[in-house]
Amino acid sequence: MRVVVASDTHGSLKAWRRIVEIVGDDALFLHLGDVLYHGPRNPIPDGYDPKSLAEELKKYRIDYVRGNCDADVDVMVLELPEMPKVAEETFGEWKVVMIHGEDLEDEFEFARGHGAKVLFRGHTHIPKIEERRGIVVVNPGSPSLPKGGFPPTFAVVDFGDVLKVEILSLEGEKVMEEVFE
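These numbers were taken from a predicted model, which means no experiment stands behind them. (Residues numbered from 1 in each chain as written. Predicted model: local features only at pLDDT ≥ 70, side-chain atom pairs only at ≥ 80, totals over all residues. Heavy atoms only, no water.)

Can you lay out the overall build of the protein for me, pointing to particular residues and giving the numbers?
For the protein, the count of helices and strands is 4 helices and 11 strands. A compact globule built from 181 residues would reach a C-alpha radius of gyration of about 16 Å, and the protein, at 15 Å, matches this within 12%. With the principal axes as the frame, the protein shows a C-alpha extent of 40 × 30 × 30 Å. Burial status across the protein gives 52% buried among its 181 residues. When contacts within the protein are restricted to residue pairs at least 6 apart in sequence, long-range pairs at least 24 apart make up 54% of them. Carbon and sulfur atoms make up 48% of the accessible area of the protein, which amounts to about 8,300 Å² in all. Of note, the protein has its 21 positive side-chain charges centred 1 Å away from the centre of its 34 negative side-chain charges. (Helix = DSSP H or I, 4+ residues; strand = E, 2+ residues; numbered from the N terminus. Rg over C-alpha atoms; globule rule 2.2 N^0.38 Å. Buried < 20%, exposed > 50% of the residue type's maximum accessible area, 1.4 Å probe, protein only. Contact = heavy atoms within 4.5 Å. Areas by Shrake-Rupley, 256 points an atom, 1.4 Å probe, with all protein chains shown as cover. Lys, Arg positive; Asp, Glu negative; His and termini not counted. Charge placed at Lys NZ, Arg CZ, Asp CG, Glu CD.)

Rendered as structure tokens:
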């Protein structure tokens with residue numbers, strides 16, 4: 001199964017539309033929080049239009065977790081029953097736990113505590129793929145406010161007999177790729 005993982009869009013309609021142009025609109029999307037609001041510490045991202053982004057996001061199949069910039073009003077305008085801080089999904093043999101991650105001290109222990117093989121987390125705006133002791137941590141980076149010298153990014157993850165993780169730029173170029181058994 002193919003899943004598109006985004007985080008930290010911070011209200012950028014332009015960035016979201018570019019992700020959809022690259023991957024198509026029939027994918028399952030996971031959003032790791034900081035969906036609509038840019039937050040008081042961040043600049044306003046290119047294409048900032050949180051109202052239109054909320055309308056656009058309603059067109060897609062998206063599972064969300066709440067980030068530190070997400071508020072109850074965001075849940076309301078997205079017409080979601082809730083936006084949990086932590087969520088779990090299973091794709092075949094792969095159990096995944098999702099969190100925005102602002103309070104996360106040890107990613108690997110957090111995943112292990114949830115019995116997960118994979119942790120999706122956001123918050124840092126820095127893309128990452130790392131495996132330790134059988135647990136894979138993926139941070140898709142940010143498509144709107146990247147940090148650490150990286151371009152705007154998101155992840156595409158294929159769950160099958162192996163786990164294939166690609167971090168893609170908004171130009172559609174691979175920034176990182178790893179395969180795990």
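So, next bit.
Let's hear about the sheet that holds strand E2 (residues 28-31): which residues, and what values?
Across the sheet, which stays open at both edges, the 6 strands sit in the order E3-E2-E1-E9-E10-E11 with mixed pairing between neighbours. Each edge of the open sheet is held by one strand with a lone partner, namely strand E3 (62-64) and strand E11 (174-180). Geometrically, the sheet is characterised by an average inter-axis angle of 20 degrees between neighbouring strands, direction not taken into account. One ladder, built from 6 bridges, connects strand E10 (residues 163-169) with E11; its direction is antiparallel. Counterpart to leucine 168 in the pairing with E11 is lysine 174. (Pairing = 2+ DSSP bridges. Axes fitted to C-alpha atoms, helices over the stretch in contact; angles between N-to-C directions.)

Can you explain the packing of aromatic side chains? Please cite residues and give values.
Following the criterion strictly, the structure yields 5 aromatic pairs and no others. The interplanar angle of 65 degrees and the centroid separation of 5.8 Å between the aromatic rings of tryptophan 16 and tyrosine 60 together place this pair among those described as edge-to-face. Within this pair, whereas tryptophan 16 is found in helix H1 (residues 13-23), its partner tyrosine 60 is found in the loop between helix H2 (50-57) and E3, the two being separated by 44 residues in sequence. Aromatic side chains phenylalanine 120 and phenylalanine 159 sit 6.4 Å apart centroid to centroid with 65 degrees between the ring planes, which places their arrangement in the edge-to-face category. Placement of phenylalanine 120 in strand E6 (residues 118-121) and of phenylalanine 159 in strand E9 (residues 153-159) is noted, with a sequence separation of 39 residues between them. Residue phenylalanine 120 shares its accessibility class with phenylalanine 159, and that shared class is buried. Three or more aromatic residues joined by ring pairs make a cluster, and in this case those are Trp16, Phe29 and Tyr60. Against the face of tryptophan 94 rests lysine 117, its NZ or CZ located 5.3 Å from the ring centre. (Phe/Tyr/Trp six-rings, centres within 6.5 Å; stacked < 30°, edge-to-face > 60°. Lys NZ or Arg CZ within 6 Å of the ring centre and 35° of its normal.)

Can you break down the nonpolar core residue by residue, with the values?
In terms of nonpolar packing, the biggest core is built from 25 residues, with Trp16, Ile19, Phe29, Leu57, Leu78 and Phe154 touching the most fellow members. When residues of this core are traced back to their parent elements, those giving at least two are strand E1 (2-6), H1, H2, E3 and E9. Looking at which element gives the most residues to this core, the answer is H1, with 6 residues. Not counting chain neighbours up to four residues away, the residues in contact with isoleucine 19 comprise Val4, Ala6, Phe29, Pro143, Phe154 and Leu170. (Core = buried A, V, L, I, M, F, W, Y, C linked by side-chain atoms within 4.5 Å.)

Requested: an account of H2, with residues and values cited.
Every buried residue of H2 is listed here: Leu53, Ala54, Glu56 and Leu57. Take H2 and look down its axis: the buried residues cluster within an arc of 165 degrees, on one side only. Residues of H2 that are buried make contact with H1, E3 and helix H3 (72-77). (Arc of directions from axis to C-beta.)

Outline H1, supporting the account with residue identities and numerical values.
The periodicity of an α-helix, 3.6 residues per turn, causes residues three or four places apart in sequence to face the same way. Within the span of H1, buried status applies to Leu13, Ala15, Trp16, Ile19, Val20 and Val23. Burial along H1 is one-sided: seen end-on, the buried residues are contained in an arc of 165 degrees. Away from its buried face, by an angle of more than 90 degrees, H1 presents the exposed residues Lys14 and Glu21. Residues of H1 that are buried in the fold lie against E1, E2, H2, E3 and E9. Immediately downstream of H1, the backbone of glycine 24 shows phi near 90 degrees, a positive value.

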